Amino acid sequence: MLQFVGRRLLSAIPVMLGIVFLVFVMARVIPGDPCYATYGEKATPELCAAFNARYGLDEPIWKQFLIYLGALLQGDLGTSIRFGRPVTDILVERLPLTIELTIYALSFATVAGVSLGLISALRRNSPADVGTMVVANFGVSTPVFVLGLVLQIIFAVWLKDTIFALPPSGRLTPGTEVIPIAEAWGIPDLSGPLGSLLNFLSNIYTANAILTLNGPLFVDAASHMILPAIAVGTIPLAIIARMTRSSLLEVLGADFIRTARAKGLRERHVIRRHGMRNAMLPVVTVVGLSIAGFLSGAILTETIFNLAGIGRTLFEAIQGRDYIVIQGVTLVVALGYVMINLVVDVSYAVLDPRIRLG
Amino acid sequence: MDTLNAEEGLSPLPPTPEMADALVELDQPASLWRDTLRNIVRQRSAQFGLVFLGIFFAVAITAPWIAPFDPNIPVIDEPYNQDVNRQELKYLKPCIHILGCPEDQPQHIMGLDGNLRDEFSRVLYGARVSLWIGFVTVGFAIVIGTIIGAIAGYAGGRTDNILMRFMDVMLSFPSLLLAIVIVTVLGSGLINAQLAIGIVSIPVFARVMRASVLSIRETDYVTASRALGETGGGILFRRILPNALTPLIVQATLGIGGAILEVAALSFVGLGAQPPLAEWGSMIAADRKFLTTVPTLILFPGMAITLTVLAFNLLGDGIRDALDPRLNR
């Protein structure tokens, strides 16, 4: 098993290098000058020469790439051209939001999707099945931004004064205080990797609330996450539900299921141990693929719900020609994909021993 | 042979009514396309999809006649209500006469938008834009994707490897992100947004085509036409392509829905259709700040997008099921 994981990790290295190179080239293919994008009307040739020298933009492209690669190996993602801040700082500040959103959206999509698919498959052609499939069909056909806005209309406008009211935008109710974890634990001077990690976790507000036992913060942060998570998670939910249903139906028609029933196993046992376990392989693939799709959804959702996450940051960086931020963010996201694919591969191996041995 | 002889000795059973029906059907020459069409029409989801699509096509074609107002001109410029206050008309709530709206007010089924344009007319005209977006974008992706997939599958070896690895790299980026980069390179606008979504969709069609070509390439009839002296291009276009069409059609139908969704998303973030074009995504973007006061301006175009995409998805599912021989009952 360990060997399997090691082999997969090794094969990810050339992919990562390819992505680093591609992202570097892609960021530079975007026309427009970062100096003019930053200063606009105020840009003069002298100002731009100094600007380019400061960010190393006057060097030849190949040298820029080598400098970039060298810094990268030391964990330095560079400094944002527009904000003048290290990209790592921006990531520590903004990535947690997107991770938090992804976790909630994925949990929602997987739990609800698999349950709905299971019910549909077990009660085939019943009203529950037809209803689930109608919902799933609408789910994949509704644009993320329309769903997000409709959720806002329903929960923040129509249900405004009921117990179902949910905040329409933002991460916290204004005035809610977030105490960094390190401070709450009484170790505010912590620095180094552990300090950065705690800072990172502090910005995942619900995780912060759990680690510092802050009830009001948890309720506030979680209630702000519900609508965006539903908006991002609905398309994956629909796909997962359909996949679970068709996959389980196929497995339940297999000979070994009949054998299991013939042996007198209880139906619950047949479904859970023999049916679900075999039906889950394609579902795991779909779940993995949908995480990859979350960034597309995050760009739109973060715009609608006014959240400063990584999707929004990347979109603004592309529009503002902030090469360094584009490179850094895309790289981290790509790294995330490679890791997710690894997890998906490993879970295949766990679910199906034939893959591990083959 | 023995079994055959033994069966000949048995007297045939009288045909049941069902068998008689089947025999009548067998009298007509079998046609792949007619059978397929019959199967498609039998699918419940395809029926829904076809009905919805029929309505959308009818709306798109007849928009100039059924739309009560011009989609791009503020109603205040129409001669009959010159004396109305501009500010009062802005974001006018829907006014439908049979639902109790006073008869002396002009009827606006979906209200007016921020620029005093009739929302209903804009939604109707939006059907034209969206259907055009769907077909042109996917058409572009199919042509390029099919050519790439066909070449990769037919040539094999290094050509195949290079082309398909390139497709893999494209697939490894989130599609909307890649599309945003492409639009940023090309500049905002509906055509460029379509081009971007078209480019992003190429790998899917290339893969489908390549897979078909790989399996058909090895069939006996391809070997036979090669033996008869058919050229490579002739084999590819006359023998392989017609037989690879079915998975492409399924993928295309589903792809049109996806393309409409993604171009609408690009328009929503301001990179696609530009005002004053009545495109559903950009209409929603323009009026989304007034979500709390006039939600109808978001709900109607949103519903239009969802129903159009739903129609294509249902039809695509229906065609796929109809073409899958394992599901034939």
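These figures come from a predicted structure and were not determined experimentally.

## Description of the overall build of chain A
Summing up its helical and strand segments, chain A has 16 helices and 0 strands in all. With respect to the principal axes defined by its C-alpha atoms, chain A has extents near 85 × 60 × 45 Å. Among the 358 residues that make up chain A, the fraction classed as buried is 36%. By sequence separation, contacts in chain A at least 24 residues apart represent 72% of the contacts at least 6 residues apart.

## Thoughts on the overall build of chain B
Across its full length, chain B holds 13 helices and 0 strands. Reading chain B from its N end, one meets helices and strands in the order α-α-α-α-α-α-α-α-α-α-α-α-α. Counting every position in chain B, which comprises 329 residues, the buried fraction comes to 40%. Put simply, of all contacts in chain B between residues at least 6 apart along the chain, 71% involve residues at least 24 apart.

## Some remarks on helix α11 (residues 232-268) of chain B
Residues and elements named next belong to chain B. Taking 1.5 Å of rise per residue, the 37 residues of α11 would be expected to cover 54 Å, yet its terminal C-alpha atoms sit only 45 Å apart, more than 12% below that figure. Leu-241 marks the point of greatest bend in α11, at about 50 degrees, and the proline Pro-242 comes within the next four residues. Downstream of α11 by one or two residues, Gly-270 has phi in the positive range, about 90 degrees.

## Considerations on the interface of chain A and chain B
Interfaces are frequently sized by the accessible area removed from exposure as the parts join. Each partner contributes residues to the interface: chain A has 29 residues there, and chain B has 30 residues. Its residues assigned to classes, the side of chain A that touches chain B shows 21 nonpolar, 8 polar and no charged.

## So, the confidence of the model for chain B
Summarising the model, chain B shows a mean pLDDT of 82, and 84% of its residues fall at 70 or more. Interface confidence for the predicted complex, expressed as ipTM, amounts to 0.81; the pTM equals 0.82.

## What about the environment of Asn-313 of chain B?
Tracing the chain through its elements places Asn-313 of chain B in helix α13 (residues 296-323). C-alpha separation for the pair Asn-313 of chain B and Ile-96 of chain B, spaced 217 residues apart in sequence, amounts to 32 Å.

## With respect to helix α8 (residues 175-186) of chain B
Compared with an ideal rise of 1.5 Å per residue, which puts 12 residues at 16 Å, α8 of chain B spans 16 Å between its outermost C-alpha atoms and is within 8% of the ideal. For α8 of chain B, the tally of buried residues reaches 9 of 12 residues, placing the bulk of the element in the interior. If you check which residues of α8 of chain B are buried, you get Ser-175, Leu-176, Leu-177, Ala-179, Ile-180, Val-181, Ile-182, Val-183 and Thr-184 of chain B. Buried residues in α8 of chain B make contact with α1 (2-29), α13 (267-304) and α14 (310-319) of chain A together with α9 (190-217) and α11 of chain B. One or two steps after α8 of chain B, the chain reaches Gly-187 of chain B, where phi turns positive at roughly 100 degrees.

## Points about the packing of helix α5 (residues 87-122) of chain A against α13 of chain A
Residue and element names in this part refer to chain A. In the contact formed by α5 and α13, the axes pass within 10 Å of each other and the chain directions differ by 140 degrees. The angle between α5 and α13 places the two elements in the oblique class. In this structure, α5 crosses over α13, and the sense of that crossing is right-handed. Facing α5, whose interface residues are Thr-98, Leu-101, Thr-102, Ala-105, Leu-106, Ala-109, Thr-110 and Val-114, α13 presents Val-283, Val-287, Ser-290, Ile-291, Phe-294 and Ala-298. Split by residue class, the contact of α5 with α13 holds 10 nonpolar, 4 polar and no charged.

## What about unusual backbone geometry?
Of the consecutive residues Pro-275 of chain B and Pro-276 of chain B, the connecting peptide bond is found in the cis state with omega at 10 degrees. Here Pro-276 of chain B shows up in the loop between α11 and α12 (280-287). Of note in this structure, Asn-125 of chain A is not a glycine but carries a positive phi near 65 degrees. Topologically, Asn-125 of chain A is positioned in the loop between α5 and α6 (127-141). For Asn-125 of chain A, a count of 8 C-beta atoms within 10 Å gives the class exposed. The backbone of Leu-213 of chain A shows a phi angle near 50 degrees, a positive value even though the residue is not glycine. Structurally, the position occupied by Leu-213 of chain A is in the loop between α10 (205-211) and α11 (215-252). You can call Leu-213 of chain A exposed: it has 9 C-beta atoms within 10 Å.

## A closer look at the environment of Ala-50 of chain A
Along the polypeptide, Ala-50 of chain A turns up in helix α3 (residues 45-54). When the 12 C-beta atoms within 10 Å are taken as the criterion, Ala-50 of chain A is described as exposed.

## Looking at the packing of α6 of chain A against α13 of chain B
The interhelical angle for the contact between α6 of chain A and α13 of chain B, taken along N-to-C directions, is 115 degrees, at an axis separation of 8 Å. As α6 of chain A packs across α13 of chain B, the resulting crossing turns out to be right-handed. Residue-level contacts link Asn-137, Phe-138, Val-140 and Ser-141 of chain A of α6 of chain A to Thr-306, Val-309, Leu-310, Asn-313 and Leu-314 of chain B of α13 of chain B. Partitioning the contact of α6 of chain A with α13 of chain B into residue classes produces 5 nonpolar, 4 polar and no charged.

## Brief notes about the environment of Leu-92 of chain B
All names here are of chain B. Within the fold, Leu-92 resides in the loop between α5 (86-89) and α6 (119-155). Spatially, the C-alpha atom of Leu-92 lies 64 Å from that of Gly-232, the residues being 140 residues apart in sequence. Leu-92 has contacts with His-108, Gly-111 and Leu-112, leaving out every residue within four places of it along the chain.

What counts, and where the lines are drawn
Residues numbered from 1 in each chain as written. Chains lettered and ligands numbered in written order. Predicted model: local features only at pLDDT ≥ 70, side-chain atom pairs only at ≥ 80, totals over all residues. Helix = DSSP H or I, 4+ residues; strand = E, 2+ residues; numbered from the N terminus. Buried ≥ 20, exposed ≤ 12 C-beta atoms within 10 Å, placed from the backbone. Contact = placed C-beta atoms within 7 Å. Expected span 1.5 Å × (residues − 1). Bend = angle between axes of the 7 residues up to and from the residue. Nonpolar A, V, L, I, M, F, W, Y, C, P; charged D, E, K, R; others polar. pLDDT = per-residue confidence, 0-100. Axes fitted to C-alpha atoms, helices over the stretch in contact; angles between N-to-C directions. Parallel < 35°, antiparallel > 145°, perpendicular 65-115°, else oblique. Left-handed = near helix turned anticlockwise from the far one by under 90°.

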